[in-house]
Amino acid sequence: MNGKRFSISIPWVLVHLLLIAVSIVVIVPLLYLVISAFKTEQGFLEHTFIPIGEGALGIDWSQLTIRQFGRLFESEIGIGRALVNSVFLSATTAVLATFICALAGYASAALEFKGKRAFEWLVLAALIIPPPLLIAPSYQWLHTLGLLDSYTGLILPAVAPAFGVFLFRQATLQSVPKSILEAARIDGLGEFGIFLVIALPMLRPMVGAFLIITFLAMWNNFIGPQIVLQSAEKQPLSVVIYQTQTAYYSDYGLLMAGTLVSILPVAALFLFLQRDFIAGLSSGAVKG
Amino acid sequence: MAAVELNSVWKIYAGDVSAVKDVNLSIESGEFVVLVGPSGCGKSTTLRMIAGLESISKGEISIGDRVVNDVAPKDRDIAMVFQNYALYPHMTVEKNIAFSLKISGMPKDEINKRVQNVSEVLGLHDLLKRKPGALSGGQRQRVALGRAIARDPKVFLFDEPLSNLDAKLRVAMRTEMKSLHQRLATTTVYVTHDQEEAMTLGSRLVVMNAGQIQQVGTPIDIYNNPTNRFVAGFVGSPAMNFIEGKLQVKAGQTRFSRNGFDIFTGSVSNLPDTESDAVMGIRPQSILLASEGSSDSIPAKVDQVEPLGDQMDIKIRIHDDIAMIARVPLQTGVAAGSDIHIAYDSGKIHFFESHAEGTRINRGAE
């Protein structure tokens, strides 16, 4: 292959300039967060990024500390408990929502049943309702059902988002050919078996993506727990970190350290699932 | 092995659209029957009704001596091969072949034995551990075939299984399927739109059009004695020439003319006395080159020549406005623009009623 030469053209330069600009926008706040989490109170107020001073490498080491992380885990804040709460809430919601959305989306794409059109319209209609509009009525519902201050009250409304049903419907239409389902039907699988053994593995990239999406949504959910949960020991990270701030005094170092701790599990999950974003599993199954 | 019987089978979709109309067909045990016809003729729908993938609107289908209208596909003891192979992409070739056996609860040793057997027959040994994504089109088709054979079903159903392959591979797979059928002797229903594939594979053809069966018969019978103009035009390549004109039959003498010119005079068997509008049909292979002075020869002009190796297709015109295609031996040295004389193989002339799908008038010994 000698025809492949590295060349710099105007579009290439423009694209890369744009990518660099976007990268800066993304990376700088993250960098700011990481550095700030390791600074003392004074260091935070005096320097935007690394505290410059007389120490080694031109850094004022006396303004850097890991004390904030220690404070997070002390009993007055109790971030350990909140971390466990958040992981439980997010993981449960993600697994349930992904399974239910995949099941419903698959059914709506691949099966014929009475009221299918009505179901599809309902899903689409639900998509256009802005979530804040539902805060008051769902609070009322949860109250009626006696689910306030329980994890069920927080998880249940989140396990069947219309967005997810729609997403899996499209994914099924795109990557699960009807003939494969028919082949499985002839091979003797029942309808639920076809979904579980044939369709779900073919939807794996979407499953991975949606697990991350739903996990993140619950992880970052701030309003929900504020409204539904009342007991302090049930609160997740998002709320607990916010509660470190008071009306008169913001402890930025603590806030930054807490935020950094809250990012790590999500970053790990993403690294774990990211290949599913890329994998095109269905390629080669049928003649394209 | 089992016979398949279709009794007045209809498929009617919402809005009163009939895809299959009153199909009656008996397929004998061990037979290789090909449903052939243009796109949308109802052949695939018919096959899918036999498979149980489409409901039957009216009528009855039985496999063996069991009516299967309300039997689930998995309980019909059939195996189907799809046009796009429909292999499970996340399973290896081995697992694809073994899948239905595993579901049916067959013991592991028996499954292994069958997979080995099938992979030997189809030459899949080296591919067993691969996934479909890593196979070529031909290999995938072979795996799909293997999956069907492993089940050892009563009936094989094929839905255009070769149409995604390139021409050369298609011909090779055709031969392979034929010899496979000779070996297994399993009842087979095969759907294709390719009349050549149908002719070479089927022990019997079912020609369909617009949801209805047009003719059922052996390939040779259908080729020689097409029942109507549709069948005559669909089967055979190049397609039969059709000429509209006037047919006069009197005392065994036949005369077919157009715009006052005689196109054919002579005797054709099985023609009743008549004087009416009709369509004459003659296959390109039944048009012969004649020498100038010979009796019954007709002058013609050559418009175009398409060499095919030892033969060639020539586009000719007689009486200026009647265009025909003839397939003649190559060595005759006919070139575009030249004047020639042609004659018909009079035993192979067909006359049809003059409407588009006209019934054949000179019915042979059928």
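Everything below is about the structure printed above this text.
Residues numbered from 1 in each chain as written. Chains lettered and ligands numbered in written order. Predicted model: local features only at pLDDT ≥ 70, side-chain atom pairs only at ≥ 80, totals over all residues. Heavy atoms only, no water.

Participant: Looking at this structure, I do not really get the interface of chain B and chain A. What am I missing?
Facilitator: Size of an interface, as often reported, equals the accessible area lost when the parts are brought together. Contacts between chain B and chain A engage 26 residues on the former and 22 residues on the latter. Across the chain B to chain A interface the summed buried area is about 2000 Å²; carbon plus sulfur atoms make up 65%. Among the residues of chain B in contact with chain A, Y88, P89 and H90 of chain B are the three that bury the most area, contributing 25% of the side total. One can count 2 salt bridges joining chain B with chain A. A salt bridge links D187 of chain A to R151 of chain B, with the nearest nitrogen and oxygen atoms 3.5 Å apart. Inspection of the chain B/chain A interface yields 7 residue pairs in polar contact (both at pLDDT 80 or more). Counting residues per element, the ones that place at least two in the side of chain B that touches chain A are α1 (43-51), β6 (78-81), α2 (93-103) and α4 (137-150) of chain B. For the side of chain B that touches chain A, the residue count by class is 16 nonpolar, 5 polar and 5 charged. (Contact = heavy atoms within 4.5 Å. Buried area = accessible area lost by both parts, 1.4 Å probe. Salt bridge = Lys/Arg side-chain N within 4 Å of Asp/Glu carboxyl O. Polar contact = N/O pair within 3.5 Å; in protein donor to acceptor, adjacent residues only side chain to side chain. Helix = DSSP H or I, 4+ residues; strand = E, 2+ residues; numbered from the N terminus. Nonpolar A, V, L, I, M, F, W, Y, C, P; charged D, E, K, R; others polar.)

Participant: Which parts of the structure should I look at to understand the pairing of β6 of chain B?
Facilitator: Regular strands place their side chains on alternate faces of the sheet. All names here are of chain B. The alternating pattern of β6 places I78 and M80 and A79 and V81 on opposite faces, both of which are buried. Where β6 and strand β7 (residues 155-159) come together, 4 bridges link them in parallel fashion. Opposite I78, over in β7, you have V155 as the bridge partner. (Buried < 20%, exposed > 50% of the residue type's maximum accessible area, 1.4 Å probe, protein only. Pairing = 2+ DSSP bridges.)

Participant: For this particular structure, what's the right way to read the pattern of salt bridges?
Facilitator: When their charged atoms lie close together, side chains carrying opposite charge are able to pair. Following the criterion strictly, the structure yields 25 salt bridges over all chains and no others. The shortest N-O distance in the salt bridge between E112 of chain A and K116 of chain A comes to 3.4 Å. The class of E112 of chain A is exposed, set by a relative accessible area of 64%. For K116 of chain A, a relative accessible area of 14% corresponds to the buried category. Across the pair E110 of chain B and R114 of chain B runs a salt bridge, and its minimum N-O distance is 3.4 Å. Of this pair, E110 of chain B and R114 of chain B both sit in helix α3 (residues 108-122), 4 residues apart, which is roughly one turn of the helix. According to the relative accessible area criterion, E110 of chain B is partly exposed, its value standing at 28%. Each of E182 of chain A together with K11, R48 and E54 of chain B takes part in salt bridges that share partners, so that together they form one network.

Participant: Just checking my understanding: could you explain the packing of aromatic side chains for this structure?
Facilitator: Aromatic rings considered in pairs are described by the distance between their centres and by the relative angle of their planes. With the rule as written, the count across this model stands at 20 aromatic pairs over all chains. Look at F158 of chain B and Y190 of chain B: their rings are 5.6 Å apart centre to centre, the planes differ by 45°, and that puts the pair in the tilted class. Taken together, the positions of F158 of chain B in strand β7 and Y190 of chain B in strand β8 (residues 187-192) put the pair 32 residues apart, joining distant regions of the chain. For the pair F158 of chain B and Y190 of chain B, one class covers both residues: buried. Clustering of aromatic rings is evident, with ring pairs tying together F99, Y106, F192 and F195 of chain A. The ring of F242 of chain B has R229 of chain B lying over it, and the distance from NZ or CZ to the ring centre is 4.7 Å. (Phe/Tyr/Trp six-rings, centres within 6.5 Å; stacked < 30°, edge-to-face > 60°. Lys NZ or Arg CZ within 6 Å of the ring centre and 35° of its normal.)

Participant: Any chance you could explain the nonpolar core here in plain terms?
Facilitator: Counting 61 residues, the largest nonpolar core has I198 of chain A together with L157 of chain B as the members making the most contacts within it. When near neighbours in sequence (up to four residues on either side) are disregarded, I198 of chain A contacts I180, A184, L189 and G193 of chain A together with Y88, H90, M91 and F99 of chain B. Ranked by size, the runner-up nonpolar core spans 43 residues in total, among them L165, M173, L180 and Y190 of chain B. (Core = buried A, V, L, I, M, F, W, Y, C linked by side-chain atoms within 4.5 Å.)

Participant: Would you mind showing me how to read the sheet that holds strand β2 (residues 17-27) of chain B here?
Facilitator: The strands making up a sheet associate through backbone hydrogen bonding, with each pair oriented either parallel or antiparallel. Residues and elements named next belong to chain B. The strand order across the open sheet built from 4 strands is β2-β1-β4-β5, with neighbouring strands paired in antiparallel fashion. The open sheet has two free edges, formed respectively by β2 and β5 (66-67), since each of these has just one partner strand. Bridge count between strand β4 (residues 58-63) and β5: 2 bridges; the pairing is antiparallel. Bridged to I63 within β5 is R66. Here α1 sits on the sheet and contacts β1 (4-13), β2 and β4; the angle it forms with β1, its principal contact strand, is near 115°. (Axes fitted to C-alpha atoms, helices over the stretch in contact; angles between N-to-C directions.)

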